[in-house]
Structures are given as structure tokens and as C-alpha cells.
Amino acid sequence: MKPKVLILVDWPKDVFMSLNDVADVGFGPFESREELLEEMRDVEALVAGVTPVDRELLENAPKLKVVARFGVGYDNVDVEECTKRGIYVTYTPNALSDTVADLTMGLIICLARKILQADRYVRTEWAKPGSLKFPLGVDLSGKVLGIIGLGRIGSSVARKAKAFNMRITYYDVIRRENLERNLGVSYADFNSLLKTSDFVTLHVPLMDATRGLIGERELKAMKETSYLVNTSRGPIIDEDALYKALIEGWIAGAALDVFTEEPLPLDSPLIKLNNVILTPHIGSAAAETRRRMAEMDVKNIRSVLMGKVPPNPIPEQKGLVFKR
Ligand code: NAD
């Protein structure tokens, strides 16, 4: 009997199917949580998308050897519990950094030049007699971009923003002097970055220390003309405070790819606002990137099923060897 691999993402199937020589490959989704838990009984390797890999799921998966995250954020995986049970957790670092950075730059440009409002204006207003003039945007050249989290994605954003002649500052819990020299970016403490940036973009992982990192105090510290971009994780921003900031004009606008609750409920007050751009968690959603991510997951799973250490364990499990 081949070991069972369960894939909880729906694409690219052909890449995941390449595990067929060593495993019996099955795909979700399931009608209910109960059905998923029932299925987990025999699963040895799991490709995890947005489904929480929590203690309950792990308790129902006695044979599980590896959780391969389809992405770099693993805040929905109970890492401590996996480690206790000798289950590897792997992820896909670097495979998607440029792709998320592309989206971030796209959102920054849309905010600066009001591209989405411009599209709506052409469809509904432009040709009407006496229509209002379309408002001016702002240049990116010379503006200060404040990057919070200068890791893989944050530094890719810095490289791209350089080409737009932006002045780049960053805040990170780790001072990155090499990158400061190589990318021409300068370090600022958290409060100064908020006060001086024209655009603030978030690239930190979601964990206790970053949950609610941007709340009322931080939004009030930002300039009234500034914009906030979030392509990291929703709960890093206090969404109620952001809503207040957007209607009361503490900042000029925001662009969000990620939300506290996903999908964003249709009755979310954010949906009615014109000064916010909303995208449906598409940071890594490019065909080539998703294939690269799947190929990494496949390599990690293949290694574990062959009794080896996977090539891309999450940092918390670096150097650990599980014998099961
Ligand atoms: P990374 O680990 O390379 O970079 C994270 C950086 O944040 C590191 O430099 C780290 O030192 C810094 N950091 C950690 N805690 C901090 C804090 N409290 N304050 C300031 N800096 C802090 O990760 P990455 O590959 O750049 O990915 C970043 C995040 O982007 C992921 O954790 C994930 O949640 C998110 N992401 C979103 C999408 C999407 O579809 N929108 C796609 C991929 C990743």
C-alpha cells in the first residue's frame, strides 16, 4: 500500500500528481470539517492551503509525517503541536517573493494614480455633459516608502520601488545592514517610519508580536496624505481602527489583499469606501509562481516519505530530525 497524500489546494493538480509513483494522491475540498477529519486518519503527508492545521486536525491524523504549507505564512499551522508529534512543517520561501512584491507595487501605483477610480470614472462619468474633472494623483518619484519587515518580500519591494525613484526606509526587528548598503535603504524606528512615510507597506509574519501592530495610535501617527498597503496578513491591522482612519481622513487611503476574516464578508463596511482598494488574497496568485510553490511542496513531501529531512523546513524546525 502506498502512503496517502492529501492536497488541500486545487491547482496545479498535475504537479501534485507527480507524487503518484510513491504515494496515493487525493484532493480536497470536503463538504464538512468532519469529512476532512475522517479522511485524515490515513494521511501521511498534507499540502495545506488556508485550512487551519490545528490540534484537532492533528489528533485525527495519527500517521501524519509532514505538513507542506502552500506558501510562506504558516500562522494557520500549530507548529508547537506538530513538533511535539514529530511532524515536519515545510514552506515555500522565495518562490513567491517577487510575485507578492509585484502586487504590492501594483497597489501602490493604483493608490498614487487612482487607477481604479479612473476606470470607474470612464465607465460612468467622463462623457457626461458637465462631468466633474478627474482628481489629480501623486508622483511616486521622490516619495518615502516605509517598509515594515525587510525580509524576502519586503526587500523585493525595495528593489522594485528603487526603479520608481522612491526613497526607502524600513523598520524590522533585525537590523539589516547588508541590505541597507546593497539596496540603498535606510533604517528608521517604528514611530519615525510611520510619521515620515508617504506609503507604508507591511511584510511581517502574523504572530503574537505583530497581531494588531497597526492600530489607532499608529494610524494617527501617519500623515494625512499617506497610504497604507497590506499584503501580509489581515490581523496585523486593526480593521475597525483602519475603517475609522479612512472615513475620518487620518490617512488618505489603503490597499488590502488580506483581511481578518476571509473571504471578506460582503457586509464589511470597508466595501463601501472609495479610498480603499480590496483584492482577494492574490499575493502569490500567478500561474508560474503557483507551479513553483507546488514543486517545492512535492520535493519536501517526497523527501519525508523517503525517510529524509525535507529541504525547506520552517525556521522553528531547522536542524530537527524526526524518526517515525
Ligand atoms: P520573511 O520571514 O522573509 O520576512 C519577514 C520579516 O519581518 C523579517 O525580516 C523579520 O525579521 C521581520 N519581522 C518579524 N517580526 C517583526 C516585527 N514584530 N516587527 C518588524 N519586523 C518584524 O517573510 P516573507 O517571505 O517576506 O513573507 C512575509 C509575510 O508575507 C508572510 O509571513 C506571509 O504572512 C505574507 N504573505 C502573504 C501573501 C499573500 O498572498 N498576500 C503571500 C506570501 C506571503
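Residues numbered from 1 in each chain as written. Predicted model: local features only at pLDDT ≥ 70, side-chain atom pairs only at ≥ 80, totals over all residues. Heavy atoms only, no water.

1. Overview of helix H12 (residues 287–305)
An ideal rise of 1.5 Å per residue puts 27 Å on 19 residues; H12 measures up with 27 Å between its terminal C-alpha atoms. Where H12 is concerned, the buried positions are Thr289, Met293, Ala294, Met296, Asp297, Val298, Asn300, Ile301, Ser303 and Val304. For H12, the elements touching its buried residues are strand S1 (4–7), helix H1 (13–17), strand S3 (43–48), strand S4 (66–69), strand S5 (88–90) and helix H5 (97–113). Following H12 by one or two positions, Gly307 has its phi on the positive side, about 80°. (Helix = DSSP H or I, 4+ residues; strand = E, 2+ residues; numbered from the N terminus. Expected span 1.5 Å × (residues − 1). Buried < 20%, exposed > 50% of the residue type's maximum accessible area, 1.4 Å probe, protein only. Contact = heavy atoms within 4.5 Å.)

2. Remarks on the pairing of strand S7 (residues 167–171)
As judged from the five bridges shared by strand S6 (residues 144–148) and S7, these two strands associate in the parallel manner. From the neighbouring strand, Gly146 faces S7, where its bridge partner is Thr169. Assessed by its sense of winding, the connection that carries the chain from S6 through helix H7 (residues 152–163) to S7 is right-handed. With two bridges joining them, S7 and strand S8 (residues 186–187) adopt parallel strand pairing. Bridge pairing links Tyr170 to Tyr187 in S8. (Pairing = 2+ DSSP bridges. Right-handed = clockwise from strand over helix to strand, strands pointing away.)

3. Considering the sheet that holds S4
Strand-to-strand pairing in sheets goes through backbone hydrogen bonds, with the strands running parallel or antiparallel. Overall, parallel pairing links the five strands, which are arranged S2-S1-S3-S4-S5 in an open sheet. In this open sheet, the two strands that pair with only one neighbour each are strand S2 (24–27) and S5. The mean inter-strand angle of the sheet, taken between neighbouring strand axes irrespective of direction, is 15°. In the sheet, S3 pairs with S4 via four bridges, with the strands oriented parallel. Across the sheet, the residue bridging to Ala48 is Arg69, located in S4. Helix H2 (residues 33–40) contacts S1 and S3 of the sheet and is inclined by roughly 155° relative to S1. (Axes fitted to C-alpha atoms, helices over the stretch in contact; angles between N-to-C directions.)

4. As for the nonpolar core
Within the largest apolar cluster, 74 residues are counted, with the highest numbers of intra-cluster contacts made by Met40, Leu46, Leu64, Leu145 and Phe199. For this core, the element with the highest residue contribution is H5, accounting for nine residues. What Phe199 contacts, discounting residues up to four positions off in sequence, is Ile108, Leu111, Ala112, Leu140, Lys143, Val144, Leu145, Gly146, Met166 and Tyr227. In this structure, Leu193, Leu242, Ala245 and Ile251 belong to the second largest nonpolar core, which totals 29 residues. (Core = buried A, V, L, I, M, F, W, Y, C linked by side-chain atoms within 4.5 Å.)

5. A few points about the site of the ligand
Neighbouring the ligand are 27 residues; Arg152, Ile153, Asp172, Arg176 and Asp257 lie closest to it. One of the side-chain N or O atoms of Arg176 is found 2.7 Å from an oxygen atom in the ligand. Contact between the ligand and Arg233: an oxygen atom at 3.4 Å from a side-chain N or O atom of the residue. Protein chains bury 90% of the 870 Å² of accessible surface belonging to the ligand in isolation. Looking at side-chain class alone, the shell around the ligand contains twelve nonpolar, ten polar and five charged residues. (Near = heavy atom within 4 Å. Polar contact = N/O pair within 3.5 Å; in protein donor to acceptor, adjacent residues only side chain to side chain. Areas by Shrake-Rupley, 256 points an atom, 1.4 Å probe, with all protein chains shown as cover. Nonpolar A, V, L, I, M, F, W, Y, C, P; charged D, E, K, R; others polar.)

6. As for the environment of Val66
Looking at the secondary structure, you find Val66 in strand S4. We classify Val66 as buried; its relative accessible area is 0%. Taking C-alpha positions, Val66 is 9.9 Å from Ser303, a pair spaced 237 residues apart along the chain. Apart from the residues within four sequence positions on either side, Val66 is in contact with Glu44, Ala45, Leu46, Ile87, Tyr88, Thr90, Ile301 and Val304.

7. Remarks on the packing of H5 against H7
Here H5 crosses H7 at 55°, and the two axes come no closer than 8 Å. Taken together, the axes of H5 and H7 are oblique relative to one another. Crossing hand, H5 versus H7: right-handed. Only Arg152, Ile153, Ser156, Val157, Lys160 and Ala161 of H7 make contact with H5, whose side of the interface consists of Ser97, Asp98, Val100, Ala101, Asp102, Thr104 and Met105. When its residues are assigned to classes, the contact of H5 with H7 shows six nonpolar, three polar and four charged. (Parallel < 35°, antiparallel > 145°, perpendicular 65-115°, else oblique. Left-handed = near helix turned anticlockwise from the far one by under 90°.)

8. Considerations on the side chain of Asp297
Within the secondary structure, Asp297 is located in helix H12. Here Asp297 sits buried without a salt bridge, and the closest side chain of opposite charge, Arg69, lies 7.5 Å off (N-O distance). Setting aside chain neighbours within four positions, we find Asp297 in contact with Phe16, Val47, Ala68, Arg69, Phe70 and Thr92. (Lys, Arg positive; Asp, Glu negative; His and termini not counted. Salt bridge = Lys/Arg side-chain N within 4 Å of Asp/Glu carboxyl O.)

9. Overview of the sheet that holds strand S9 (residues 199–202)
The sheet built from seven strands is open, its strands ordered S8-S7-S6-S9-S10-S11-S12 with parallel pairing. Bordering the open sheet on either side are S8 and strand S12 (276–278), each of which pairs with just one other strand. In the packing of H5 onto the sheet, the strands contacted are S6, S9, strand S10 (227–230), strand S11 (253–256) and S12, and the crossing angle to S10 comes to about 155°.

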